[in-house]
Amino acid sequence: MIKKKLLTLCIFLFCIMCLSVPGAMASSGASILYSETNIGGGLWQYDYTFNNTSDAGEYLFSVFFTFAQDTSFTKIALPAGWDGILWDGNTWTTSFTDTYSTDPLYDIAAGNSLGGFSFKVDYRAGNIAYDAYFSDDSIVSGTTAPVAPEPVSSILFAVGGGTLLLRRFTKING
């Protein structure tokens, strides 16, 4: 009888835990990817895509970048509906910059991405620390990451390279 009650209690607690976990697991999230281009003269261009990876419907409306050193920063482009501190097109020496949507209509919805954020700096900055701000008042900190090639592109590249090697090998031995 005690075993049956204990088993019933365990099943009940397990069900309560399973029902409560999805709500607890919902959270704000961001992933910021970049491509970098050496534009010469010690200058580097960075092109960003902001990804809102939230799973509870939050909107991403601002990203604050913190550079590893004082940086000569110049805006190249921002998407429509976005502005920022130090994003006026002038060159500034700074250790940070901020970009934000100018109206909630331009916020990035959960599960969506927005590109078109570009600037140039006077050193190869690589991965940059950021804080992403969300409509539920949460802040997510992270580090930008370079854009990885698409798997299909990598596969096609490998197949093409393999084909060229095979043709060269058969010419040499045939």
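Shown above is the structure to which this text applies.
Below: a short report on this structure. No experiment lies behind these values; they were computed from the predicted model shown. (Residues numbered from 1 in each chain as written. Predicted model: local features only at pLDDT ≥ 70, side-chain atom pairs only at ≥ 80, totals over all residues. Heavy atoms only, no water.)

**Section: the environment of T49**
Heads up, the condition is: What counts as a helix is a DSSP run of H or I of at least four residues, what counts as a strand is a run of E of at least two, and both are numbered from the N terminus. The contact criterion used throughout is that any non-hydrogen atoms of two residues lie within 4.5 Å.
Considering the arrangement of structural elements, one finds T49 in strand β2 (residues 43-52). In this structure the C-alpha to C-alpha distance between T49 and V147, which are 98 residues apart in sequence, comes to 9.1 Å. The contact partners of T49, leaving out residues within four places of it in the chain, are S31, I32, L33, S113, L114 and G115.

**Considering the pairing of strand β7 (residues 129-134)**
Regular strands have side chains that alternate between both faces of the sheet. This is how it is decided: Partly exposed describes any residue whose relative accessible area lies between the buried limit of under 20% and the exposed limit of over 50%, with all areas from a 1.4 Å probe on protein chains only and scaled to the type maximum. In this analysis, strands are considered paired if DSSP registers two or more bridges between them.
Alternating residues of β7 divide into Y130, A132 and F134, all buried, and A129, D131 and Y133, none buried. Pairing between strand β3 (residues 60-77) and β7: six bridges, direction antiparallel. Following the sheet pairing, F65 is matched in β7 by Y130. The pairing of β7 with strand β8 (residues 139-143) spans five bridges and is classified as antiparallel. Counted as the bridge partner of Y130 is G142 from β8. The turn linking β7 back onto β8 is made up of four residues, and D137 within it adopts a positive phi angle of 70 degrees.

**Brief notes about the pattern of salt bridges**
The line we're drawing: A side-chain nitrogen of Lys or Arg and a carboxyl oxygen of Asp or Glu constitute a salt bridge if their distance falls within 4 Å.
Within the structure shown, the criterion is met by one salt bridge. Close ionic contact of R124 with E36 constitutes a salt bridge, the shortest N to O distance being 2.6 Å. Pair noted here: R124 is in the loop between β6 (113-121) and β7 and E36 is in strand β1 (residues 30-40), with a separation of 88 residues, a long-range link. Look at R124 and you get exposed, because its relative accessible area is 54%.

**Some words on the packing of aromatic side chains**
To keep things clear, this is the line we draw: By convention, a stacked pair of Phe, Tyr or Trp rings (six-membered ring in the case of Trp) has centres within 6.5 Å and planes under 30 degrees apart, an edge-to-face pair has planes over 60 apart, and any other such pair is tilted.
Per the counting criterion, the structure on display carries 17 aromatic pairs. Relative to W82, the ring of F50 has its centre 6.1 Å away and its plane inclined at 75 degrees; by these criteria the two rings are edge-to-face. Residue F50 is found in strand β2, and its partner W82 is found in strand β4 (residues 82-85); the two are separated by 32 residues along the sequence. Overall, F50 belongs to the buried group, its relative accessible area being 0%. Residue W82 is classed as buried on the basis of its relative accessible area, which comes to 6%. What links up through ring pairs into an aromatic cluster is the set Y34, Y46, Y48, F50, F65, F67, F73, W82, W87, F117 and F119.

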